[in-house]
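Structure assessment
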Amino acid sequence: MKKRYTSSNLSLEEILVDKHAKTYEENFERLERPISDSNVLKFFIFSLLCVLTIFGRIFYLNIIKGNENYLISEKNRTRYILIKAPRGIIYDRYHNAIVSNKTSLSLILLPRDFFDVTTQNKDLLIKQISSIFNLDIVELQSILNKIDEFSYEPILIKTNIDTDMARLFESDIKSTDRLGFYIIEDYTRAYSDAHAFTHVFGYTGRMSEDDIKTYPQYPIADLIGKYGLESKYEKYLHGLSGKQMMEVDARSKINPELGIINPKPGNRLVTTIDKELQQFLYEALLRTANKLGLKKGTALMTNPKTGEILAMVSIPAINAEAFSSGSPKNVIQETLTNKFNPFINRAISGLYSPGSTIKPLVALAALMEKTINPEDNIKDSDAIIIPNKYNPDKPSIFKDWKNHGQVNMRTAIAYSCNIYFYALGGGYKDIPGLGITRLKKYWQLFHLGSKLGIDLDNEKDGNLPDPEYKKEVNPNNPLWLLGDTYNVSIGQGDLLLTPLQISAYINSISNNGKIMKPYVVSEILDDDNKVIFKQNPTVVKNVNIPQKYLDIVLDGMRKVVTLGSGQLMKTIPFEVAGKTGSAQIQGNTKTNAIFAGFAPYKDPEVSILVLLEEPPEGSVVTIPLVDEVLRFYYNNRFVNKPEVQDFNNDTETTTTTSKNSSSMFNVQEENTQTSGQDSNSNSPDN
């Protein structure tokens, strides 16, 4: 008989509960207990924390780090090749370009493209790059070792690449094997004279690690000013580089047509330098030095009334083209190892005993302190002998360079009589000396021993000795003696000045006691010829000396030319005044020769200082050089003044590479052409 199954109203839950109820009668009520409030709260808090964590992470990645992550993704997606901006042109006072630009080619490296690839071809590529571009493989490897492998900044490897190197690079290395090496169109500096202007205008070079920290806004592949005006006015001269943007897909395929950011040229510097005069002065100084077998010297010319530097040269010189381009290496190495240190601009950084060029100041001090009547004649003698109370057999002897007989203040300046100025400074017979305290007072009054504030780096202060100084530097013999005062009274001993200071103080005598601030840059113009900086003549100090005293000293300085050692210059059509000086150095075994003067005597518009180190004779060797330069100035500047040129009529950028040679480099083909067009349209000419 078959069992009959009938439907039941019992649910599965009831059946199970009933089963448990039979087993656990006493605990049956627990099956229906509700979840506690604390557990619900815990679950809610846990869920909320999870949601907040997720949203917090999303907020951090998209908001706080959003821009940074975007840039990282963009850098992974994009690359760029620099379009170099031309640096600002540097002109002379008549708007003749002295430092301009010429187009060239440079080799750069995009680090991420190089280090992203792990291939054995890297070593071969480095060897090829080294061979093609004449790079030392050890030096190249050193550059690569210093590069941040995650950087997207282009690195400058070599400038001034010639077209033969570029063709070899294109033909010998496949575009797919270059691993981030590119050739770009660049600019290098063009100098009207590689040597004559370097100590003033300077040169450029690739950025060092310190430069990268100083100018973090610059692309690492940029060139910056390293010396002179190029360095001092870097922020004005440096343009804003452009970019040729490229897109890189996941397969490293490059699309070079992403866009172009145009470069902006640097600002123009108009200087006080007279280009033709500077070149003539440099050539005359070098010619004189070579004739006398000398290696070191300096010369400068200024406007005494304004402080404008008309010319400033120093030898040995620096080859600006070699240092800006980085070649030839042998020229650079010879300069770096030159024992005569070409990197010293001797006009502002050299410290020298002024010799007899200090005598006009000593004369003015004596007049101000009324220690002597300028018209009184005193009998010169061969020497002043000072007894030595500690050793009577060894008196101190202070000689004159010759016996001048009867001299007064004017003729003592003209003949450079040492005995007269020993007496003015330290005293002799019935002449009371000024003494070191008053001498130093007048040194400082004429701003000696202090920087004048010229707009060039590395100007030196100088040294003004006194009893305290001697105690400090010579503890074994600390007592300041009369002989020390005698020495500094004729510009010897530890009195050290820069040629610029000597020139400025001599100029002040001709300029009614006004000491002018020297300067080189007169104005700075932007690309639209708008003046964005202008430097005007500035009085550093107005020395309050009565004109009658200045006239006495000026008369003596004129007599240096009419009666004294400068008589060669008597026939120059305008009247010249000045002072010669011979400063003994190295234990009186050698001498520096100096002349400082100005013209015309009654109303000077130009001053000149020449210093030759260690010539075979004294100050007389400077006179032919000064005579030659002042005659040139008279004929070409005093009588016939040049006209100021129009900026728009000169050619400031020259091309050394053709567009065809640039356009053969695959990725940058459009880049070099566009760069050339942009550079022309944005150049200072237009």
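Please refer to the structure placed before this passage.
All residue numbers refer to position in the chain's written sequence, counted from 1. In keeping with the predicted nature of the model, local features appear solely for residues at pLDDT of at least 70, side-chain atom pairs appear and are counted solely at 80 or more, and the whole-chain, interface and lining totals rest on all residues. Just so you know, side-chain values use all the structure's heavy atoms and leave hydrogens and water out.

**Section: empty space enclosed by the protein**
Let me state the cut-off plainly: Note on definitions: the grid is 1 Å and covers protein atoms alone; a cavity is a set of points where a 1.4 Å probe fits but cannot get out; a pocket is an open set with protein on both sides within 12 Å along at least five of seven lines; lining residues have an atom within 4 Å of a point. Grid points are joined across faces, edges and corners, and a volume is the space filled by probe spheres set on the points. A run of DSSP states H or I qualifies as a helix once it reaches four residues; a run of E qualifies as a strand once it reaches two. Both are numbered from the N-terminal end. Note on residue classes: Ala, Val, Leu, Ile, Met, Phe, Trp, Tyr, Cys and Pro are nonpolar, Asp, Glu, Lys and Arg are charged, and everything else, Gly too, is polar.
Counting across every chain of the model gives two cavities of 30 Å³ or more. Volume-wise, the largest cavity comes out at about 150 Å³. Ala 85, Arg 87, Asp 186, Tyr 187 and Leu 223 are, among the 15 residues lining the largest cavity, the residues nearest its centre. Residue contributions to the lining of the largest cavity peak at four residues, all from strand 5 (residues 181–191). Its residues assigned to classes, the lining of the largest cavity shows four nonpolar, six polar and five charged. By volume, the second largest cavity is sized at about 90 Å³. Along its surface, the second largest cavity is lined by 13 residues, and Thr 302, Gly 307, Ala 504, Asn 507 and Met 516 are the ones closest to its centre. Only helix 22 (499–510) and strand 17 (514–516) provide two or more residues apiece to the lining of the second largest cavity. Counting residues per element, the lining of the second largest cavity draws most heavily on helix 22, at five residues. Classifying every residue of the lining of the second largest cavity gives six nonpolar, six polar and one charged.

**What about the side chain of Thr 204?**
Spelled out, the test is: For every residue, the accessible area (1.4 Å probe, protein chains only) is compared with the maximum for its type, and the residue is labelled buried under 20%, exposed over 50%, or partly exposed between those bounds. Residues count as neighbours in contact if any of their non-hydrogen atoms are within 4.5 Å of one another.
The topology assignment puts Thr 204 in strand 6 (residues 204–206). On the basis of relative accessible area, Thr 204 is assigned to the buried category, the value being 2%. Leaving out residues up to four positions away in the same chain, Thr 204 has contacts with Arg 87, Arg 189, Tyr 191, Ile 224, Gly 225, Lys 226, Glu 230, Phe 323 and Ser 324.

**What about the packing of aromatic side chains?**
Counted only if it meets this: We call Phe, Tyr and Trp rings a pair once their centres come within 6.5 Å, taking the six-membered ring for Trp, and we label the pair stacked below 30 degrees between planes, edge-to-face above 60, and tilted otherwise.
Summed over all chains, the structure comprises 17 aromatic pairs. The interplanar angle of 40° and the centroid separation of 5.2 Å between the aromatic rings of Tyr 422 and Tyr 486 together place this pair among those described as tilted. With Tyr 422 in helix 18 (residues 418–426) and Tyr 486 in helix 21 (residues 482–489), this residue pair connects regions lying 64 residues apart in the sequence. For the residue pair Tyr 422 and Tyr 486, the accessibility class agrees, reading buried in each case. When the centroid spacing of 5.1 Å and the interplanar angle of 75° are considered together, the rings of Phe 574 and Tyr 634 count as edge-to-face. Here Tyr 634 lies in helix 24 (residues 623–638) and Phe 574 lies in the loop between helix 23 (547–562) and strand 21 (577–585), a separation of 60 residues in the sequence.

**Details of the sheet that holds strand 23 (residues 606–612)**
To summarise the sheet geometry, strands pair through backbone hydrogen bonds and adopt either a parallel or an antiparallel arrangement. The following threshold applies: Pairing between strands is defined by DSSP: at least two bridges between them are needed. Orientation is described by axes fitted as lines to C-alpha atoms, over the contacting stretch for helices, and by angles from 0 to 180 degrees between their N-to-C directions.
If you walk across this open sheet you meet the five strands as 12-11-23-22-21, and the pairing is antiparallel. Single-partner strands in this sheet number two, and they are strand 12 (309–315) and strand 21. When the angles between neighbouring strand axes are averaged without regard to direction, this sheet yields 5°. For strand 22 (residues 590–599) and strand 23, the ladder comprises seven bridges, and the chain directions are antiparallel. Directly across from Phe 598, in strand 23, lies its bridge partner Ser 607.

**Comments concerning unusual backbone geometry**
Glycine aside, the phi torsion of most residues is negative, and most peptide linkages are trans. Backbone torsion omega between Ile 315 and Pro 316 reads 0°, so that peptide bond is classified as cis. Its place among the elements puts Pro 316 in the loop between strand 12 and helix 13 (320–325). Of the consecutive residues Ser 327 and Pro 328, the connecting peptide bond is found in the cis state with omega at 0°. Looking at the secondary structure, you find Pro 328 in the loop between helix 13 and helix 14 (329–336). Even without being a glycine, His 95 presents a positive backbone phi close to 70°. Looking at the secondary structure, you find His 95 in the loop between strand 2 (90–91) and strand 3 (97–109). Take His 95: its relative accessible area is 13%, and that puts it in the buried class. At Asn 512, a position not held by glycine, the phi torsion is positive, near 60°. Topologically, Asn 512 is positioned in the loop between helix 22 and strand 17.

**Re the pairing of strand 5**
By the criterion of burial, strand 5 is predominantly enclosed, with eleven of the eleven residues buried. By the bridge criterion, eleven bridges tie strand 3 to strand 5 in an arrangement that is antiparallel. Bridge pairing in strand 5 places Ser 104 opposite Asp 186.

**Observations regarding the layout of surface pockets**
Roughly 1,200 Å³ of internal volume is contained in the largest pocket. Lining the largest pocket are 36 residues, with Glu 139, Ile 143, Leu 156, Arg 206 and Met 207 positioned closest to its centre. Put simply, the parts of the chain that give the lining of the largest pocket at least two residues each are helix 6 (137–146), strand 4 (155–161), strand 6, helix 9 (209–214), helix 13 and helix 14. With five residues, the single largest contributor to the lining of the largest pocket is strand 4. Here the lining of the largest pocket is built from residues that sort into 15 nonpolar, twelve polar and nine charged.

**Points about the pattern of salt bridges**
To keep it simple, the criterion reads: When a carboxyl oxygen of Asp or Glu lies within 4 Å of a side-chain nitrogen of Lys or Arg, that pair is called a salt bridge.
Across all of its chains, the model carries 29 salt bridges by this definition. Here Asp 211 ties to Lys 226 by a salt bridge, and the two come within 2.4 Å at their closest N and O atoms. Of this pair, Asp 211 sits in helix 9 while Lys 226 sits in the loop between strand 7 (223–225) and helix 10 (228–232), and the two are 15 residues apart along the sequence. When its relative accessible area of 30% is taken as the criterion, Lys 226 is described as partly exposed. Between Arg 410 and Glu 375 there is a salt bridge; the shortest N-O distance is 2.8 Å. In this pair, Arg 410 sits in helix 17 (residues 409–415) while Glu 375 sits in the loop between helix 16 (359–369) and strand 13 (378–379), placing the two residues 35 residues apart along the sequence. The partly exposed category is assigned to Glu 375, whose relative accessible area is 43%. Each of the salt bridges in this network shares a partner with another, and the network as a whole consists of Lys 296, Arg 346, Lys 590, Glu 613 and Glu 614.

The quantities given are spatial measurements derived from coordinates; they are silent on function.
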